[in-house]
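# Examination of the molecular architecture
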Amino acid sequence: MPYLDVNDTTLYYEDEGTGPALLFLHGWGTSGRTWGAQLPDFTRDHRVVTVDWRGCGRSSRPVLGNTLAGVVDDLVALIDVLRLDRPVVVGSSIGAIFGTELALRRPELLGGLIPVDGTAYWASTGLPLAELADDLHRDRAGTLAGWVPQWYAPGTSPALIDWTVRQILDSGVHIDQHFRSLGQYDPRPDLPELRVPVHYLHGELDTEIPLEVSRTCAALTPGAEVDVIAGAGHLPHQERPVEFNTALRAALARMAPYAHAAT
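Attention in this report is confined to the structure presented alongside it.

Rules used in this analysis
- Residues numbered from 1 in each chain as written.
- Predicted model: local features only at pLDDT ≥ 70, side-chain atom pairs only at ≥ 80, totals over all residues.
- Heavy atoms only, no water.
- Helix = DSSP H or I, 4+ residues; strand = E, 2+ residues; numbered from the N terminus.
- Expected span 1.5 Å × (residues − 1).
- Buried < 20%, exposed > 50% of the residue type's maximum accessible area, 1.4 Å probe, protein only.
- Arc of directions from axis to C-beta.
- Polar contact = N/O pair within 3.5 Å; in protein donor to acceptor, adjacent residues only side chain to side chain.
- Axes fitted to C-alpha atoms, helices over the stretch in contact; angles between N-to-C directions.
- Left-handed = near helix turned anticlockwise from the far one by under 90°.
- Contact = heavy atoms within 4.5 Å.
- Nonpolar A, V, L, I, M, F, W, Y, C, P; charged D, E, K, R; others polar.
- Salt bridge = Lys/Arg side-chain N within 4 Å of Asp/Glu carboxyl O.
- Pairing = 2+ DSSP bridges.
- Right-handed = clockwise from strand over helix to strand, strands pointing away.
- Phe/Tyr/Trp six-rings, centres within 6.5 Å; stacked < 30°, edge-to-face > 60°.
- Parallel < 35°, antiparallel > 145°, perpendicular 65-115°, else oblique.

Now for helix H3 (residues 94-105). In this model H3 runs 17 Å from its N-terminal to its C-terminal C-alpha over 12 residues, within 8% of the 16 Å that 1.5 Å per residue would give. A large share of H3 lies buried, amounting to 10 of its 12 residues. Looking at H3, one finds that the buried residues are Ile-94, Gly-95, Ala-96, Ile-97, Phe-98, Gly-99, Thr-100, Glu-101, Leu-102 and Ala-103.

Quick look at helix H5 (residues 140-147) now. Every α-helix winds through 3.6 residues per turn, so residues three or four apart in the chain are directed the same way. Turning to H5, its buried residues are Arg-140, Thr-143, Leu-144 and Trp-147. Seen along its axis, H5 keeps its buried residues to an arc of 95 degrees; they face one direction. Looking at where H5 begins, the residue whose side-chain oxygen comes 2.9 Å from the main-chain nitrogen of Gly-142 is Asp-139.

So, on to the packing of H5 against helix H6 (residues 158-170). In contact at an axis separation of 10 Å, H5 and H6 are set at 150 degrees when each is read in the N-to-C sense. Once H5 is placed against H6, the crossing between them reads as right-handed. The residues of H6 that touch H5, namely those facing Arg-140, Ala-141 and Leu-144, are Val-165, Ile-168 and Leu-169. A per-class count over the contact of H5 with H6 returns 5 nonpolar, no polar and 1 charged.

Bringing the pattern of salt bridges into the picture now. As a working rule, side chains carrying opposite charge can pair if their charged atoms are close by. Scanning the model with the defined rule gives 15 salt bridges in all. Arg-195 is paired through a salt bridge with Glu-193; the nearest N and O atoms lie 3.8 Å apart. Connected through salt bridges with shared partners, the residues Asp-41, Arg-44, Asp-45 and Arg-249 form a single ionic network.

Turning our eyes to something else, we now look at the pairing of strand E3 (residues 21-25). Each regular strand carries side chains that alternate between the two faces of the sheet. Within E3, 5 of the 5 residues are buried, which leaves the element mostly enclosed by the surrounding structure. Residues of E3 alternate between two faces, with Ala-21, Leu-23 and Leu-25 on one and Leu-22 and Phe-24 on the opposite face, all of them buried. Relative to strand E4 (residues 47-52), E3 runs parallel, the two being bridged by 5 bridges. Residue pairing for E4: Leu-25 is matched across the bridge by Val-51. In this structure, E3 lies alongside strand E5 (residues 88-92), joined through 4 bridges in parallel fashion. Note that in E5 the partner of Phe-24 across the bridge is Val-90.

Right, let's talk about the pairing of E5 for a bit. In terms of burial, E5 is largely enclosed, as 5 of its 5 residues are buried. Neither face of E5 is left uncovered, since the one carrying Val-88, Val-90 and Ser-92 and the one carrying Val-89 and Gly-91 both have all their residues buried. For E5 and strand E6 (residues 112-116), the ladder comprises 5 bridges, and the chain directions are parallel. Counterpart to Val-89 in the pairing with E6 is Leu-113. Crossover connection from E5 via H3 to parallel E6: handedness right-handed.

Under the defined criterion, the tally for this structure stands at 8 aromatic pairs. A centroid spacing of 5.9 Å and a plane angle of 45 degrees characterise the contact between Trp-28 and Trp-147, whose relative ring orientation is tilted. With a gap of 119 residues between them, Trp-28 in the loop between E3 and helix H1 (39-42) and Trp-147 in helix H5 connect regions that are remote in the sequence. Grouping residues by exposure puts Trp-28 and Trp-147 together as buried. Between Trp-147 and Trp-151, the ring centres sit 5.0 Å apart and the planes meet at 85 degrees, which makes this aromatic pair edge-to-face.

Attention now goes to the packing of helix H2 (residues 68-81) against H3. It is at 9 Å that the axes of H2 and H3 come closest, and there the two elements cross at 70 degrees. Between H2 and H3, the angle falls in the class roughly perpendicular. You can see that H2 and H3 cross each other, and the crossing is right-handed. Facing H2, whose interface residues are Leu-68, Ala-69, Val-71, Val-72, Leu-75, Val-76 and Ile-79, H3 presents Ile-97, Phe-98, Glu-101, Leu-102 and Arg-105. Residues of the contact of H2 with H3, tallied by class, amount to 10 nonpolar, no polar and 2 charged.

Further remarks concern the side chain of Thr-30. The residue Thr-30 is located in the loop between E3 and H1 in this model. Under the relative-accessibility criterion, Thr-30 is labelled buried at 6%. A distance of 3.2 Å separates the side chain of Thr-30 from the backbone oxygen of Gly-27, its partner in a polar contact. Sequence-distant contacts of Thr-30, that is, excluding residues within four places in its chain, are made with Cys-56, Gly-57, Thr-164, Gln-167, Ile-168 and Ser-171.

This is the structure we're talking about:
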């Protein structure tokens, strides 16, 4: 099994295919398994790396380091150890925030960034993150059972929702620290400084992080655009995989002339 020891923790990752590198980052509490509908398509002509970031999936569940800076440091180490050649980072939800901060701090490492229903300025979305962390502490299973269905568009398979809840229950409780630390997160002042190609993808029906968030962020990000995945909620890569894969390929094609240019 592919494990990597970095920054006093152990990360599980998968590395398949050859070609331009893609680094997929999952959302809160799930795992690299959420990109299963993308792997058969993109491993045909890309080197695709998925990682369970610290506290999630098959990676270690450390008490410390469950911060934005901690995860970004892990990603820097992962890119270095695996010798990824300026990957395009595709990040879902909080994974998009990790990718955005990585692009801001170390633009020379990346060939591009594709935030998926993420890069949220959390304080303005109406989601009470500190209260959510308290609710998870009091009744983790019950809170997730009530909250996770809201991530998906109406009509989503109950099996997919249940699988998502199970993944989160299997992850470590220390990842809840992200909710407290990101409660005041707002990338908007820094987005004009992004120096990598950026293209936003967003589910049309997302109620967790509304479409307007990506549109606002794109307006502040040099050269960025937004593609909307019709009929999808917060996790379009799982809900509408065919449409999402088509949009992702189009985004990669648009940024390809710039992805490996000097920063």
